[in-house]
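Okay, here's what each chain looks like letter by letter:
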Amino acid sequence: MTTDELKALVRTIPDFPKRGIQFRDITTLIGNGRGFSASVEWLAERVEGSQAIAGMEARGFIFGAAVAAHLGLPFLPIRKPGKLPCDTIGVDYELEYGLDRLEMDPSAVTPGLPVAIVDDLLATGGTALAATKLLRQAGAEVSRAAFVIDLPDLGGGQRLAEARVAVDTLMAFEGD
């Protein structure tokens, strides 16, 4: 499928979660078997050479785990707080509306392991930067990330580039 065909599968919901926001809903993309498969294949091509794939809860699990399975690589889940039954490491990070936290099992990473981040959406880059920091804290080498959707006006790609992470995005939507 072409990028335009895949982009057409993303539903836009105006004024969600608040007035003035154009919410880009990927459930219509993952609900289309050909579209989901083509998206996973595109993401996998961008992160080939990595030795593990990380994805952030929750939608990053959908694409990240699928890419990891496609490439035959381990998947590293980056979790919300309190979700893992083992010792964890974590990082706090800022959101538009407050603070949040990501955690992971540090034993999932061997020192120097090349890990790529895969997620559905790149907006301000806050979550991806926090995941990068967390993975690096665990000893991983994070130098690439791939996203289905980019909202370039929000600057996430630039922020990740400043953190030495190369970014690929399947499609972009101008505005927020």
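Residues numbered from 1 in each chain as written. Predicted model: local features only at pLDDT ≥ 70, side-chain atom pairs only at ≥ 80, totals over all residues. Heavy atoms only, no water.

### With respect to the packing of helix α3 (residues 33–47) against helix α4 (residues 59–71)
Contact geometry for α3 and α4: axes closest at 9 Å, N-to-C directions at 70°. On the basis of the axis angle, α3 is roughly perpendicular to α4. Note that α3 runs across α4; the crossing there is right-handed. Contacts between α3 and α4 involve F36, S39, V40, E41, L43, A44 and V47 on the former and, on the latter, I62, F63, A66, V67, H70 and L71. Residue composition of the contact of α3 with α4, grouped by class: ten nonpolar, two polar and one charged. (Axes fitted to C-alpha atoms, helices over the stretch in contact; angles between N-to-C directions. Helix = DSSP H or I, 4+ residues; strand = E, 2+ residues; numbered from the N terminus. Parallel < 35°, antiparallel > 145°, perpendicular 65-115°, else oblique. Left-handed = near helix turned anticlockwise from the far one by under 90°. Contact = heavy atoms within 4.5 Å. Nonpolar A, V, L, I, M, F, W, Y, C, P; charged D, E, K, R; others polar.)

### Overview of the side chain of S39
Structurally, the position occupied by S39 is in helix α3. Its relative accessible area of 0% is what places S39 among the buried residues. In this structure, S39 is in contact with L6, L29, F63 and L170, ignoring residues within four places of it in sequence. (Buried < 20%, exposed > 50% of the residue type's maximum accessible area, 1.4 Å probe, protein only.)

### Observations regarding helix α5 (residues 126–138)
Here α5 spans 18 Å end to end across 13 residues, near enough to the 18 Å set by a 1.5 Å rise per residue. If you check which residues of α5 are buried, you get G126, A128, L129, A130, A131, T132, L134, L135 and A138. Positioned one or two residues after α5, G139 has a phi angle of 110°, which is positive. (Expected span 1.5 Å × (residues − 1).)

### Notes on α4
When the terminal C-alpha atoms of α4 are compared, their 19 Å separation across 13 residues agrees well with the 18 Å that a helix rising 1.5 Å per residue should span. Those residues of α4 not exposed but buried are G60, F63, G64, V67 and A68. Here the buried residues of α4 occupy an arc of 130° about the axis, which is enough to place them on one side. As for α4, its buried residues are in contact with α2 (27–30), α3, β3 (52–56), β4 (75–78), β7 (114–122) and β8 (141–150). One or two residues past the end of α4 sits G72, with phi positive at roughly 70°. (Arc of directions from axis to C-beta.)

### Considering the pairing of β3
The side chains of a regular strand alternate, residue by residue, between the two faces of the sheet. Burial runs high along β3: five of the five residues are buried. Relative to β7, β3 runs parallel, the two sharing three bridges. Residue pairing in the sheet places A54 in a bridge with I117 of β7. Here β3 runs beside β4; their pairing, made up of four bridges, is parallel. Of the residues in β4, the one forming a bridge with G55 is P77. Regarding topology, α4 serves as the crossover connection from β3 to the parallel β4, and that connection is right-handed. (Pairing = 2+ DSSP bridges. Right-handed = clockwise from strand over helix to strand, strands pointing away.)

### Some words on the sheet that holds strand β9 (residues 166–172)
On the basis of which strands lie adjacent, the open sheet formed by five strands has the order β4-β3-β7-β8-β9 and parallel pairing. Of all strands in the sheet, those with a lone pairing partner are β4 and β9, marking the two edges. On average, each strand axis in the sheet is inclined to that of its neighbour by 20°, with strand direction left out of account. Two strands pair when backbone bridges link them, and β7 and β8 are joined in this way by eight bridges, in the parallel orientation.

Keep in mind these numbers describe shape, not what the thing actually does.
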